[in-house]
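Breakdown of the fold
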Amino acid sequence: MSYAPSAATLKKIEGMIAPYPEKSAALLPVLRAIQEESGCVLPEAEAWVAAKLGIRPIRVREVLSFYTMFRRKPAGKTTIQVCRNLSCTLAGAEDIIGFLREKLHIGPDGTTPDGRITLETVECLGNCDHAPCLQIDGVDHGPVTRDGAAALLEELRAHE
Amino acid sequence: MSEDDVRLIPADDSSWRFEAYLRRGGYEAARKAVTSMAPQDVIAEVRRAGLRGRGGAGFPAGLKWSFVPQCGTAPKYLCVNADEGEPGTFKDRAILVRNPHQLLEGMIIAAFGVGIRKAFIYVRGEYARIARRLEEALAEARERGFLGRGIFGSDFDLEVIVHVGAGAYICGEETALLESVEGRRGQPRFKPPFPAVVGLFRSPTVINNVETLANIPSIIGCGADWFTARGLPKDGGTRLFGVSGAVRRPGLYELPMGTPLRTIVETHAGGPPEGVAIKAVVPGGLSAPVLRPDELDVPMDFDSLAKAGSMLGTAGIVVIGDRTPIIEVLKVTARFYAHESCGQCTPCRIGTSWIHKTVTRIGEGQGRLSDLDLILRLAEGMKGRTLCPMGDAAALPIHALVSKFRDELEQAVSR
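**A word on the environment of A:K77**
Summarising the element assignment, A:K77 is placed in the loop between α4 (57–66) and β1 (78–83). Distance in space between the C-alpha atoms of A:K77 and A:D114 is 9.6 Å, their sequence separation being 37 residues.

In structure tokens:
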């Protein structure tokens, strides 16, 4: 299978490459753009990126596997990322993580069987004065209580 | 000019807007520098202000700028470090959200002083939404001719590019950040050569933290003497102290450099909640060795914290209450560094994961008394033996937790 981004994403990618003195420097933003559209970066997309930026495919794989926010496999439609670093742990993050796992019936870093929600634990989100905190598809929430977490899940359900 | 006009985080909610920034006298310092000062005088004024880098290491900013060679025709770059990943730190986030134009103005002045025409702002991936506001601010500044070609009608140009990361603590290390901007894994480079000479795209590069640059406009606008008066002679200005953990009022407090830690924790953040006593305080982000309750009178400046055996770091203060077992703190700390080691240097790669395994074993009640010495020995083995400061950043806080709370940990092991 071959990969091709949508016309809109292609345009965005080309705009991203232009300001860099070396094309290959745009690798991170380009991978971000592809992931934003496709949910992950599959091997065929890796090959496309390598050709587009004039680099060897291994360089794309190296970068893709180094940064934790890149995905090489699809995740759920929505991603909930719960911080479990020090400030959040002190404020009860583990309880919130346990609560969400129970509510969603999934294990550590899992996706619900219907593919709706992926739950992940992450390190510091830089929102420590709102501990315990989490992000839903990149949007910050905190401080989160059990009730608050239940309400956030309700809201996700309502938006479908 | 009112006090709110010079604060890094203004009280007003709409402070991030372009018009609001102009009302506080925004971009006047950049105009002054670009239209009426010689570049070397800009650097001299920042050096005189005693502004030390707010990213963690505390290196004098003006001195860093002066290392960039002014001969040669190679392009020079400015990289703004907005990869705020140090646990317990949320100050750069606040500047990006509440005062993005002050960062941009600081960048214009820095670039003018060093002779830079292209700048990158490296924003951590987790702040991607915040980066959108930054893009908006950039567009506003470009539209007014404060960025781009012929700034303020002079022949000085500056182009700014926002580069969003993808989740890697190590990219906060300056040479790993450069690798990441170049589209590679964030693995630190060997130094020397230092980035001021060979940096981004093999060219001279200045790397400054967001808070460092946001302090520049008031140094140029109000003068170095005014700036040092707000802090200490060799460590000028205010600092954004972030307080989280077991306190009544977690948040950011902008206070003079040298404010005692106890004052920040007890007066400003309200101290621990009812019925909780302080067991320990992390003074400058997770990498800063922990302090005991009897060590809290230390003034919060770079030199005083170093003398106290810790570091000011990012000034992210985490207060640990007496109900929290130290093993829990140790578990989080050990897991974090094992997760974030880039894997390039053996002492850090093996050391962090070995410590993590050992701490996990203790946490699960399978620990041995010799484990505590093992952890100390592994931490010793990492110190000073890695390319970048991450080896020390992992070893020092772990060493401090084990040596300062040895009795409690021994009880945890023998239980």
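**Description of the domain arrangement of chain B**
Residue and element names in this part refer to chain B. Under the domain assignment used here, chain B contains domain 1 (3–229), domain 2 (238–321) and domain 3 (326–414). Computed over C-alpha atoms only, the centres of domain 1 and domain 3 are separated by 35 Å. Roughly 870 Å² is buried in total at the junction of domain 1 and domain 3, and carbon and sulfur atoms are behind 68% of that figure. A per-residue breakdown of the area domain 1 buries against domain 3 is headed by Y169, I170 and P188, which together make up 53% of the total. Summed over the shared surface of domain 1 and domain 3, the number is zero salt bridges. Counting across the interface, domain 1 meets domain 3 through three residue pairs in polar contact (both at pLDDT 80 or more). The class makeup of the residues in the side of domain 1 that touches domain 3 is six nonpolar, three polar and three charged.

**Observations concerning the packing of aromatic side chains**
For any pair of aromatic rings, geometry is given as the distance between the ring centres together with the angle between the planes. Enumeration over the complete set of coordinates arrives at 17 aromatic pairs over all chains. For the ring pair A:Y20 and B:F120, a centre distance of 5.7 Å and an interplane angle of 25° mean the geometry is stacked. One end of the pair, A:Y20, is in the loop between α1 (7–17) and α2 (27–38); the other, B:F120, is in strand β2 (residues 118–123), on a second chain. B:F120 matches A:Y20 in its accessibility class, with the two residues each being buried.

**Side note on the state of the cysteines**
All chains considered together, the criterion is met by zero disulfides over all chains. B:C342 provides the cysteine sulfur closest to B:C171, a residue in no disulfide bond, and the two sulfurs are 9.2 Å apart.

**Observations regarding the sheet that holds strand β5 (residues 238–245) of chain B**
Residues and elements named next belong to chain B. Read from one edge to the other, the open sheet built from four strands follows the order β6-β5-β8-β7, with strand pairing classed as mixed. Either end of the sheet is taken by a strand with one partner, and the two such strands are β6 (251–256) and β7 (278–282). Across the sheet, the axes of successive neighbouring strands diverge by a mean angle of 25°, strand direction being ignored. Where β7 lies against strand β8 (residues 316–321), four bridges are found, and the strand directions are antiparallel.

**Points about the interface of chain B and chain A**
Between chain B and chain A, the contact holds 55 residues from the first and 38 residues from the second. Summing both partners gives a buried area of about 3600 Å² for chain B against chain A, and 57% of it is carried by carbon and sulfur. Looking at the side of chain B facing chain A, the largest losses of area belong to B:A166, B:R185 and B:R335, adding up to 17% of the total buried there. If you look at where chain B meets chain A, you find three salt bridges. In this assembly, chain B and chain A are joined by 22 residue pairs in polar contact (both at pLDDT 80 or more).

Calculation notes
- Residues numbered from 1 in each chain as written.
- Chains lettered and ligands numbered in written order.
- Predicted model: local features only at pLDDT ≥ 70, side-chain atom pairs only at ≥ 80, totals over all residues.
- Heavy atoms only, no water.
- Helix = DSSP H or I, 4+ residues; strand = E, 2+ residues; numbered from the N terminus.
- Domains from an automatic or database assignment.
- Buried area = accessible area lost by both parts, 1.4 Å probe.
- Salt bridge = Lys/Arg side-chain N within 4 Å of Asp/Glu carboxyl O.
- Polar contact = N/O pair within 3.5 Å; in protein donor to acceptor, adjacent residues only side chain to side chain.
- Nonpolar A, V, L, I, M, F, W, Y, C, P; charged D, E, K, R; others polar.
- Phe/Tyr/Trp six-rings, centres within 6.5 Å; stacked < 30°, edge-to-face > 60°.
- Buried < 20%, exposed > 50% of the residue type's maximum accessible area, 1.4 Å probe, protein only.
- Disulfide = S-S within 2.5 Å.
- Pairing = 2+ DSSP bridges.
- Axes fitted to C-alpha atoms, helices over the stretch in contact; angles between N-to-C directions.
- Contact = heavy atoms within 4.5 Å.

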